[in-house]
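# Residue-level structural notes
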Amino acid sequence: MAQSSRHSGARAPHLFIVGPCAHGLWAARDLDGSAEGVFRTRKAAIRFALVEGGHDNIVTLSSEPVEPSFMRSVS
């Protein structure tokens, strides 16, 4: 009798933070650093964060500035 393994096929959701960034834009950044983006509207940033990677994610909105890694200064 052949053994079969059970795979749920579901990936764990990523945790994204979405907030305003420089020049009136909006940023969405995965807290583990695997994905990020800058968008013209809050709606676009939230949409990206919700479905990035082909699965549902958890999104937290921030009132504090959220700067993507490529816009942060290196010290």
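To start, this report covers the structure provided alongside it. (Residues numbered from 1 in each chain as written. Predicted model: local features only at pLDDT ≥ 70, side-chain atom pairs only at ≥ 80, totals over all residues. Heavy atoms only, no water.)

### A short note on the pairing of strand β2 (residues 26–30)
- For strand β1 (residues 15–20) and β2, the ladder comprises five bridges, and the chain directions are antiparallel. Paired with I17 across the strands is R29, a residue of β2.
- Between β1 and β2, which pair antiparallel one after the other, the connecting turn spans five residues, and H23 there sits at a positive phi close to 60 degrees.
- In this structure, β2 lies alongside strand β3 (residues 36–39), joined through four bridges in antiparallel fashion. For W26, the partnering residue across the bridge sits in β3 and is F39.
- Counting the residues in the hairpin turn of β2 and β3 gives five residues, including G33, whose phi is positive at 85 degrees. (Pairing = 2+ DSSP bridges. Helix = DSSP H or I, 4+ residues; strand = E, 2+ residues; numbered from the N terminus.)

### So, the packing of aromatic side chains
- For the structure shown, the criterion picks out two aromatic pairs.
- Ring geometry for F16 against F48: centres 6.0 Å apart, planes inclined by 85 degrees, an arrangement best described as edge-to-face. Note that F16 is positioned in strand β1 and F48 in helix α1 (residues 42–51), a separation of 32 residues in sequence.
- Taking the centre distance of 5.1 Å and the plane angle of 40 degrees together, the rings of F39 and F48 count as tilted.
- What links up through ring pairs into an aromatic cluster is the set F16, F39 and F48. (Phe/Tyr/Trp six-rings, centres within 6.5 Å; stacked < 30°, edge-to-face > 60°.)

### Some thoughts on the sheet that holds β3
- What the four strands build is an open sheet, ordered β3-β2-β1-β4; its pairing is mixed. Each edge of the open sheet carries a strand with a single partner, namely β3 and β4 (58–61). For this sheet the average axis-to-axis angle between neighbouring strands, irrespective of direction, equals 20 degrees.
- By the bridge criterion, four bridges tie β1 to β4 in an arrangement that is parallel. Following the sheet pairing, F16 is matched in β4 by V59.
- Packing against the sheet, α1 makes contact with β1, β2, β3 and β4, and its axis sits at approximately 15 degrees to β2. (Axes fitted to C-alpha atoms, helices over the stretch in contact; angles between N-to-C directions. Contact = heavy atoms within 4.5 Å.)

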